[in-house]
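Chain by chain, the residues:
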Amino acid sequence: MRNRLIELAEKSSHPVSKHHFEIGDTVQVFVRIVEGDKSREQRFEGTVIRIRGAGTSATFTVRRVVGGAGIERVFPLHSPNVASVKVKGHGKIRRAKLYFLRERVGKRTKLKERIVRKVAAEGSKPRSRSRSKSKTKSSEASE
Amino acid sequence: MSTALLGRKVGMTQIFREDGTCIPVTVLSVGPCEVVQVKKADGPDGYSAVQLGYEKAKPKNVTKPLTGHFQKAGVAPKKVLREFRTEVNDARGVGDKVTVGIFGDVKFVDVIGTSKGRGFAGTVKRYGFSIGGKGHGSMKGRRPGSIGMHTWPGRVWKGKRMGGHFGAARITAKNLKVVEVNEEHDMLLVSGSVPGPNGGLVVVQKAKTAKVK
């Protein structure tokens, strides 16, 4: 269990449920990049294969394959530099960490798509930090 | 001026700032303390200081002499008592509460704690000596190597760094930046690390050699 005061200290640093996505989702991550006095947003698209950690130190990993080479980027979940995360689709998954995708080549790197009917409800659902893993699992079991 | 308080180290975490940089912070639970005794320069003590009490103690765990001491001051028994020197014109009296609010406009603090005990430690851990080779018949490993010369001086210099008891000593972390002062929860956030284990007693005071800034 995490300490009450530590959570309080972190509170100002990460607004809860800033991003809504789950393991296996195909996402577009927009990263704020500051060059001198100019700032722009860089996009990175791929599959979320891991959400780990608790509190401000939580991160998520996005994997994509470019020209046969796998690229993984780790983003701090609560960093203000991660401006927004756009969910493009949901993957049908049965585990919390999708490391098995690393061994796959070609067409098999794609996850089967999971169709979510209520899109509006999905957006308003608060993602309770990294604990969404268990939530994903239970929704899978009911299918 | 004694801007000092007793507290406990809660633990470490990190905090994001608006510009996206991430700073490591230590969470300290500081105060509230009560003044149990005041010493005056023009009194029998001959110097000015305040004695602060921290953390409520069960009366059954307090010795009879100390119970009398607390009764005289009219404050509830405390677990920790510590004296801090003050300026002559310090206005605080017996029974006054001191909270983390005194650090409200302080930029840098010194945090004094007792470092984690390492027991009998070798020169590598204790003094940062380099380690020797590990394989190919090397017998160096973590040994300290030569500790001196030959017939002259025929002895080992005093103060030669060798293995021995390490840690569990009073350490002062100087000039730590104050990140946040939360009076409601008696919480203080300082940038960087603080000596001692989580839950260890610390003394927080205004930085003595404050940086110019």
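Calculation rules
Residues numbered from 1 in each chain as written. Chains lettered and ligands numbered in written order. Predicted model: local features only at pLDDT ≥ 70, side-chain atom pairs only at ≥ 80, totals over all residues. Heavy atoms only, no water. Contact = heavy atoms within 4.5 Å. Buried area = accessible area lost by both parts, 1.4 Å probe. Salt bridge = Lys/Arg side-chain N within 4 Å of Asp/Glu carboxyl O. Polar contact = N/O pair within 3.5 Å; in protein donor to acceptor, adjacent residues only side chain to side chain. Helix = DSSP H or I, 4+ residues; strand = E, 2+ residues; numbered from the N terminus. Pairing = 2+ DSSP bridges. Core = buried A, V, L, I, M, F, W, Y, C linked by side-chain atoms within 4.5 Å. Buried < 20%, exposed > 50% of the residue type's maximum accessible area, 1.4 Å probe, protein only. pLDDT = per-residue confidence, 0-100. Arc of directions from axis to C-beta.

## Some details on the interface of chain A and chain B
If you look at the interface, chain A gives 17 residues, while chain B gives 18 residues. For chain A, the biggest contributors to the area lost against chain B are A:Leu5, A:Ile6 and A:Ala9; these three give 35% of the whole. At the junction of chain A with chain B, the criterion picks out 0 salt bridges. Where chain A meets chain B, there are 4 residue pairs in polar contact (both at pLDDT 80 or more). The element best represented in the side of chain A that touches chain B is helix H1 (residues 4–11) of chain A, accounting for 6 residues.

## Things to note about the sheet that holds strand S2 (residues 38–52) of chain A
Residues and elements named next belong to chain A. Reading across the sheet, the 6 strands line up as S4-S3-S2-S1-S5-S6 and stay open at both edges, with antiparallel pairing between neighbours. Two strands lie at the open edges of the sheet, namely strand S4 (69–76) and strand S6 (113–114), each paired on one side alone. Where strand S1 (residues 26–35) meets strand S5 (residues 82–91), 6 bridges bridge the pair, whose relative direction is antiparallel. When the bridges of S5 are listed, Gln28 appears paired with Lys86.

## Focus on the pattern of salt bridges
Taken as a whole, this structure holds 7 salt bridges over all chains when the rule is applied. Ionic contacts of the salt-bridge type, sharing partners, join the residues A:Arg63, A:Glu72 and A:Arg102 into one network.

## Concerning the pairing of S2(A)
All names here are of chain A. Sheet topology note: the S1/S2 ladder contains 10 bridges and is antiparallel. Paired with Gln28 across the strands is Glu45, a residue of S2. In sequence, S1 turns back onto S2 through a hairpin of 2 residues, with Gly36 there showing a positive phi of about 65 degrees. The pairing of S2 with strand S3 (residues 59–66) spans 5 bridges and is classified as antiparallel. Looking at S3, one finds that Arg52 is bridged to Thr59. The antiparallel hairpin formed by S2 and S3 contains 6 residues in its connecting segment, where Gly53 sits at a positive phi of about 85 degrees.

## A word on the nonpolar core
What tends to happen in soluble globular proteins is that the nonpolar side chains get buried as a cluster. Of all hydrophobic cores here, the largest spans 28 residues; its most connected members are B:Leu28, B:Leu52, B:Phe103, B:Val109, B:Leu188 and B:Val204. Those residues within four positions of B:Phe103 in sequence are excluded, and the remaining contacts are B:Thr3, B:Leu5, B:Val30, B:Val109, B:Val181, B:Leu188, B:Val204, B:Gln205 and B:Lys206. Grouped together as the second largest cluster of nonpolar side chains are 19 residues, A:Phe21, A:Leu77, A:Val85 and A:Ile93 included.

## As for the confidence of the model for chain A
Do not read the fine detail of predicted coordinates wherever pLDDT is low. All names here are of chain A. With 77% of its residues at a pLDDT of 70 or more, chain A shows a mean pLDDT of 79. Across chain A, S3 holds the top mean pLDDT of 93, while helix H3 (residues 132–142) sits lowest at 42. Counting interchain partners and residues more than four positions distant, the pLDDT-below-50 stretch residues 121–143 has 42 contacts.

## Here we look at unusual backbone geometry
Across the chain, the bulk of peptide bonds are trans and the bulk of non-glycine residues have phi less than zero. Residue and element names in this part refer to chain B. Here the amide bond leading from Gly31 into Pro32 is cis, since omega sits at -5 degrees, within 30 degrees of zero. Considering the arrangement of structural elements, one finds Pro32 in the loop between strand S2 (22–30) and strand S3 (33–39). Residue Trp152 is joined to Pro153 through a cis peptide bond whose omega torsion reads 0 degrees. Take Pro153: it is sitting in the loop between helix H2 (123–127) and strand S9 (164–166). A positive phi angle, close to 70 degrees, is found at Glu55, a residue other than glycine.

## Some words on H1(A)
Among all positions of H1(A), only A:Leu5, A:Ile6, A:Ala9 and A:Glu10 are buried. Here the buried residues of H1(A) occupy an arc of 135 degrees about the axis, which is enough to place them on one side. Turned more than 90 degrees away from the buried face of H1(A), the exposed residues are A:Arg4 and A:Lys11. Against the buried residues of H1(A) lie strand S1 (4–16), S2 and strand S11 (187–191) of chain B.

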